[in-house]
Amino acid sequence: MSDPIPYARALPGTQPPLDAPAYGSTHSRAPRQAPIRAPHTLTEASSPRFSPQLLPGHADMSVVDGQAAMGERIIVAGRVLDEAGAPLRGSMVEVWQANSAGRYHHARDQHDAPLDPNFVGRARVFTDEDGRYSFTTIRPGAYPWRNHANAWRPVHIHFSLFGQGFAQRLITQMYFPGDPLLALDPIFLATADAEARQRLVAQFDLEVTQPDYALGYRFDIILRGPAATPFEEVHA
Amino acid sequence: MSTAHQTAGPYWHLIDFPEWADLLREDGPNAGATGEPVIIQGVITDGDGALVTDAMVEIWHADPQGDYDAGFQGFGRCTTDAEGTFRFATLKPGPVPGRGNTLQAPHIQISIFARGLLSHLTTRLYFAGEPLNETDPLLALIPADRRSTIIAEPVSPGTWQLDIRLQGGAETVFLDI
Ligand SMILES: [Fe+3]
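Residues numbered from 1 in each chain as written. Chains lettered and ligands numbered in written order. Predicted model: local features only at pLDDT ≥ 70, side-chain atom pairs only at ≥ 80, totals over all residues. Heavy atoms only, no water.

> I tried to follow the interface of chain A and chain B on my own but got confused; where do I start?
How big an interface is tends to be stated in terms of the accessible area lost upon association of its parts. Across the boundary between the two partners, chain A contributes 77 residues, which contact 64 residues of chain B. When the two sides are added together, the surface that chain A and chain B hide from each other amounts to roughly 6400 Å², 57% of it contributed by carbon and sulfur. Our count for the contact surface shared by chain A and chain B stands at 6 salt bridges. A salt bridge links Arg37 of chain A to Asp176 of chain B; its shortest N-O distance comes to 3.7 Å. For the pair chain A and chain B, the interface holds 40 residue pairs in polar contact (both at pLDDT 80 or more). Sort the elements by how many residues they give to the side of chain A that touches chain B and strand S11 (residues 170-175) of chain A lands first, with 5 residues. (Contact = heavy atoms within 4.5 Å. Buried area = accessible area lost by both parts, 1.4 Å probe. Salt bridge = Lys/Arg side-chain N within 4 Å of Asp/Glu carboxyl O. Polar contact = N/O pair within 3.5 Å; in protein donor to acceptor, adjacent residues only side chain to side chain. Helix = DSSP H or I, 4+ residues; strand = E, 2+ residues; numbered from the N terminus.)

> Sorry, what's going on with a nonpolar patch on the surface here?
A contiguous nonpolar surface patch, about 300 Å² in accessible area, is contributed by Phe204, Leu206 and Leu215 of chain A. If you trace the backbone, Phe204 of chain A turns up in strand S12 (residues 203-204). (Patch = residues over 30% accessible without salt bridge, like charges linked within 9 Å, V, L, I, M, F, W, Y side chains within 5 Å. Areas by Shrake-Rupley, 256 points an atom, 1.4 Å probe, with all protein chains shown as cover.)

> It is not clear to me how the coordination of the iron ion should be interpreted in this structure. Could you clarify?
Tetrahedral coordination by four donors sets the ideal angle at the metal to 109.5 degrees; octahedral coordination by six donors sets it to 90 or 180 degrees. Residues and elements named next belong to chain A. In the first shell of the iron ion, the protein supplies Tyr104 (OH), Tyr143 (OH), His156 (NE2) and His158 (NE2), at 1.9 to 2.2 Å from the metal. For the iron ion, the 4 donor atoms in the first shell make angles of 89 to 162° at the metal, so the coordination geometry reads as irregular. Written as a sequence motif, the donor arrangement for the iron ion is Y-x38-Y-x12-H-x1-H. Placement of the pair is Tyr143 in strand S8 (residues 143-145) and His156 in strand S10 (residues 156-161), with a sequence separation of 13 residues. Like Tyr143, the residue His156 is buried in the burial classification. (Donors = N, O, S within 2.8 Å, 3.2 Å for Na, K, Ca; no water. Tetrahedral: all angles 85-135°; square planar, octahedral: opposite > 155°, others 65-115°. Buried < 20%, exposed > 50% of the residue type's maximum accessible area, 1.4 Å probe, protein only.)

Put into structure tokens, the structure is as follows:
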């Protein structure tokens, strides 16, 4: 059996470090020892395949039992590609978020903001043949956290993705353009590379926007691609 | 450039499906699969020795024959409970080919997502007493005095325990994959 093609390693600064002093929860949770660099075997190069037959998709968070959630309805759409530009087809995308008041429908969230009976805040969609996904939701609210004095998380939606190999597994957050909290957020700022940070910010998109219905935002997600090897030529 | 990881945070919703911890459930993708049933469990603690009660744990492993693509879906997901414990029911995986015609000992990949982890942690679980552990290519890369941090011990018939320490003394070996 031939060896799987390894996945590319991240360029310096383009991923957040585990030890980020400004993010308090990392202090006792970030490992102190350097990780062991593991060769990519079938374990890292294979991944579960989720089918909409077993796990039905749910692409509209803005309505529960025919009742509209409170807040500004939005559409989020984009593509899931790898670093080589290959679309991830039929890939499960899981998302979750706070409601328009900045409160999660979650037992652990005790923020003094109202819950919305018509908003749960999670969805599951599958990419199409071009790697495209989209879902409808309401724009989440900012919420406070206890990291530092007067700390507020920028408005965000959490994303979870699987690639074709478990080494591509990704959980990230999508932010909104123009949010003044981004410049103050230790989680967002932990990634040193400014371009890498900017890719976490969705773009307003009139093409995604639907008349008389909802504003649209585009958020493309890039999973790790194959590592370049000395034996491969770059094809234009 | 691949998209940057961001923490799953404390309010993640992916755990709204507790049945995913049972890979052998009747309405799941592996109903009727045969092999050696095992329980995989452990306690996660942080650098202060505090229980990590808000983590999401995922596992990924081969089927009893060591295959990843023969129909068995070796994926599970669960949360740590109030005691910091994760627990999965699955079938023991077989040996998996490694790179360059090597053979890897039976193992389970483990990913940990939580508040305070800007990107998830990856490690593996091996089974104590497995003869192939002696020649496993990945175990060979780990200093001998740290290997035990990723080798589960049997605590009762069919139940294997691997505690995970995120930081500090006897810190678990994590992998850069
Ligand atoms: Fe959040």
